[in-house]
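Letter by letter, the chains look like this.
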Amino acid sequence: MDIGLNLSKSKELFEEAKKYLVKGVNSPVRYFRPHPFFVDYAKDCYLFDVDGNRYIDYCLAYGPMVLGHGNSYVIKKVMEQLERGTLYGCPTEKEIILAKEIVKRVPSAEIVRFVNSGTEATMSAIRLARGITGRKKIVKFDGAYHGAHDYVLVKSGSGALTHGVPNSPGIPEETTRNTILVPLNDEDALRKVIKENKDEISCVIMEPVMGNIGCIPPKDGYLEFVREITEEWDILLIFDEVITGFRLAPGGAQEYYGVIPDLTTLGKILGGGFPIGALVGREDLMEHLSPSGPVYQAGTFNGNPISITAGIATLEQLDEDFYRKTFRSAEKIYKFIGECAEKRNIPHCVNGVGSMFQIYFTDGQVLDYESAKRSNIEMFNRYFYGLLKRGVFIPPSQFECCFTSVKHEGEVIEETLRAIEEVFKKFQ
Ligand SMILES: *Cc1c(COP(=O)(O)O)cnc(C)c1O
């Protein structure tokens with residue numbers, strides 16, 4: 001398979017990597033045929049690979065790098081912190097500063113627990129919901145991805161869908177039996193499940209905009225419906241805002257749509273390029289967590305000063321201008337993608353919200369897992385490789401989302417649009 005780029009050093013590294021790492025990578029989404037490019041360094045909106053190719057990056061490490069790569073202020077702050085020690089196992093003032101910033105921005109946040117990844121955040125959120133309610137079952141949406149732990153790896157999006165294992169072996173049936181699945185944007189389905197299991201459901205967990213099966217926004221009024229019905233049945237509502245948090249608004253999707261969950265999970269952007277996760281929520285709920293309450297959660301690296309420092313330095317830079325710029329550049333790109341596909345009668349559905357977007361190669365709307373899966377994957381792959389060859393890197397899967405950073409502007413956007421146009425020209 002020749003993708004039209006010189007990737008000879010990457011190929012060599014891949015052959016070597018395969019000897020020591022599973023298929024040469026450390027997370028399944030990073031693998032694509034015939035082999036991924038290996039990164040040498042990154043700056044602003046660009047990735048540079050070991051063969052000297054330059055890519056405009058719309059993957060942005062699957063979401064975190066909203067300021068682009070190598071933000072000089074974040075680097076400066078992290079360097080200063082490095083000199084002062086990297087891990088203490090004791091509390092620091094900076095944890096308060098970042099927690100305060102979260103509470104100030106995120107409507108549902110009164111109390112914060114920092115963890116190390118989005119996976120840990122959703123796992124802890126679900127345990128907390130179960131611990132508080134004393135109920136076992138959880139409701140999740142088809143195709144939603146909440147990390148790689150047992151409770152939620154059922155009909156999951158992201159790599160679990162791309163690489164064909166939406167239900168992973170190794171997860172006891174007893175575990176997944178307690179995870180009830182419903183399609184997004186379908187009021188009747190959720191209503192039915194809740195009525196059938198009413199005294200057994202601890203929580204509904206959802207990505208308010210699905211970002212791990214492409215990009216699927218909620219229908220008008222749907223989040224409000226979920227909020228009302230969960231309240232009515234005393235079920236906790238968890239918004240997994242690991243992607244949408246700080247991206248769609250300072251307060252995430254809950255601010256953007258004006259619907260406030262009970263608990264929220266955060267990650268990605270919050271770490272400013274370093275590993276992080278956070279579980280946040282109302283005080284009366286969060287107080288059930290150890291050491292205040294009995295629900296156990298702990299971590300050696302929780303609230304580590306490096307991630308916290310990078311997080312503070314990142315949030316400081318997310319001003320109004322940031323939202324305006326990233327939304328505008330994303331919109332310019334996804335509208336153009338739609339126009340190009342339209343002009344050539346290529347079946348398509350382009351979904352975009354704020355600085356998130358994706359194209360599906362299918363007729364009709366994509367508003368849930370089933371309609372997303374109707375996309376023509378072969379066409380998506382042609383689109384992906386076509387862009388890659390022209391120096392534009394998007395996530396190598398239909399079931400991921402593209403993002404813009406503040407560094408995507410001006411000539412970078414023009415270059416991207418030219419690449420998109422050329423790729424669509426080649427479709428016929
Ligand atoms: C990425 C992601 C996670 C998992 O976060 P990790 O830091 O990769 O563990 C959870 N939920 C959503 C919505 C995500 O996009």
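Quick caveat: nothing in here was measured; it's all calculated off a predicted structure.

### Observations regarding the site of the ligand
For the ligand, the full set of nearby residues is Ser-117, Gly-118, Thr-119, Tyr-145, His-146, Gly-147, Glu-207, Asn-212, Asp-240, Val-242, Ile-243 and Lys-268. Between the ligand and the protein, one listed contact pairs an oxygen atom with a side-chain N or O atom of Thr-119 at 2.5 Å. The contact in question runs from an oxygen atom of the ligand to an N or O atom on the side chain of Lys-268, over 2.6 Å. For the ligand, whose free accessible area comes to 380 Å², the fraction covered by protein is 84%. Of the residues in the shell around the ligand, the class split is 3 nonpolar, 6 polar and 3 charged.

### So, a negative patch on the surface
A cluster of like negative charges, contributed by Asp-220, Glu-224, Glu-228 and Glu-232, occupies part of the molecular surface. By secondary structure assignment, the location of Asp-220 is in the loop between strand E7 (201-206) and helix H8 (222-232).

### Re the pairing of strand E4 (residues 111-115)
Among the 5 residues that make up E4, 4 are buried, leaving the element largely enclosed by the rest of the structure. As paired elements, E4 and strand E10 (residues 277-281) share 5 bridges and run antiparallel to each other. Bridge assignment links Arg-113 to a residue of E10, and that residue is Leu-279.

### Observations concerning helix H1 (residues 8-18)
Of all the positions in H1, only Ser-10, Phe-14 and Ala-17 are classed as buried. One face of H1 carries all of its buried residues, which in axial projection span an arc of 65°.

### Overview of the pairing of strand E11 (residues 349-353)
In E11, alternate side chains face the same way, and those of Cys-349, Asn-351 and Val-353 are buried while those of Val-350 and Gly-352 on the opposite face are not. One ladder, built from 5 bridges, connects E11 with strand E12 (residues 356-360); its direction is antiparallel. The residue of E12 that forms the bridge with Val-353 is Met-356. Hairpin geometry of E11 and E12 is characterised by an intervening segment of 2 residues between the two adjacent antiparallel strands and by a positive phi of about 55° at Gly-354.

### Topic: the sheet that holds strand E13 (residues 392-393)
Read from one edge of the open sheet, 4 strands run E1-E2-E3-E13, paired in mixed fashion. Of all the strands in the sheet, the pair left with one neighbour each is strand E1 (39-43) and E13. Summarising the sheet, E1 and strand E2 (residues 46-49) pair through 4 bridges and their orientation is antiparallel. Directly across from Ala-42, in E2, lies its bridge partner Leu-47. Helix-sheet contacts for helix H15 (residues 411-425) involve E2, strand E3 (54-57) and E13, and the interaxial angle to E3 is about 100°.

### Considering the sheet that holds strand E6 (residues 179-182)
Here 7 strands make up an open sheet; going across it, the order is E4-E10-E9-E8-E7-E5-E6 and the pairing mixed. Two strands in the sheet have a free side with no partner beyond their single neighbour: E4 and E6. Along the sheet, successive strands turn relative to each other by an average axial angle of 20°, direction set aside. Packed onto the sheet, helix H7 (residues 187-196) meets strand E5 (137-141), E6 and E7 and runs at close to 155° relative to E6.

### Looking at the UniProt feature "modified residue: N6-(pyridoxal phosphate)lysine" (unreviewed entry) in the protein
UniProt annotation of "modified residue: N6-(pyridoxal phosphate)lysine" (unreviewed entry) refers to Lys-268 when read in the numbering used here. Here Lys-268 lies in the loop between strand E9 (263-266) and E10. Overall, the relative accessible area of 24% leaves Lys-268 in the partly exposed class. Setting aside residues up to four positions removed in sequence, Lys-268 forms contacts with Tyr-62, Pro-64, Val-242, Ile-243 and Ile-276.

### Brief notes about the state of the cysteines
The tally for this structure, following the rule as stated, stands at 0 disulfides. The thiol of Cys-59 is unpaired, and the distance to the nearest cysteine sulfur, on Cys-402, comes to 8.3 Å. Here Cys-349 is not disulfide-linked; the sulfur of Cys-215 is the nearest cysteine sulfur, at 9.7 Å.

### Regarding the nonpolar core
Counting residues in hydrophobic clusters, the biggest one holds 44 residues, and the most contacted among them are Tyr-58, Tyr-383 and Phe-424. At the level of elements, E2, E3, helix H12 (320-343), E12, helix H14 (377-389), E13 and H15 are the ones that each hand at least two residues to this core. Not counting chain neighbours up to four residues away, the residues in contact with Tyr-383 comprise Ile-337, Ile-359, Phe-361, Ile-394, Val-423, Phe-424 and Phe-427. Judged by nonpolar contacts, the second largest core, of 31 residues, contains Leu-161, Ile-180, Val-182 and Ile-201.

Conventions we followed
Residues numbered from 1 in each chain as written. Predicted model: local features only at pLDDT ≥ 70, side-chain atom pairs only at ≥ 80, totals over all residues. Heavy atoms only, no water. Near = heavy atom within 4 Å. Polar contact = N/O pair within 3.5 Å; in protein donor to acceptor, adjacent residues only side chain to side chain. Areas by Shrake-Rupley, 256 points an atom, 1.4 Å probe, with all protein chains shown as cover. Nonpolar A, V, L, I, M, F, W, Y, C, P; charged D, E, K, R; others polar. Patch = residues over 30% accessible without salt bridge, like charges linked within 9 Å, V, L, I, M, F, W, Y side chains within 5 Å. Salt bridge = Lys/Arg side-chain N within 4 Å of Asp/Glu carboxyl O. Lys, Arg positive; Asp, Glu negative; His and termini not counted. Charge placed at Lys NZ, Arg CZ, Asp CG, Glu CD. Helix = DSSP H or I, 4+ residues; strand = E, 2+ residues; numbered from the N terminus. Buried < 20%, exposed > 50% of the residue type's maximum accessible area, 1.4 Å probe, protein only. Pairing = 2+ DSSP bridges. Arc of directions from axis to C-beta. Contact = heavy atoms within 4.5 Å. Axes fitted to C-alpha atoms, helices over the stretch in contact; angles between N-to-C directions. UniProt positions renumbered as here; feature names shortened; annotations may be inferred. Disulfide = S-S within 2.5 Å. Core = buried A, V, L, I, M, F, W, Y, C linked by side-chain atoms within 4.5 Å.

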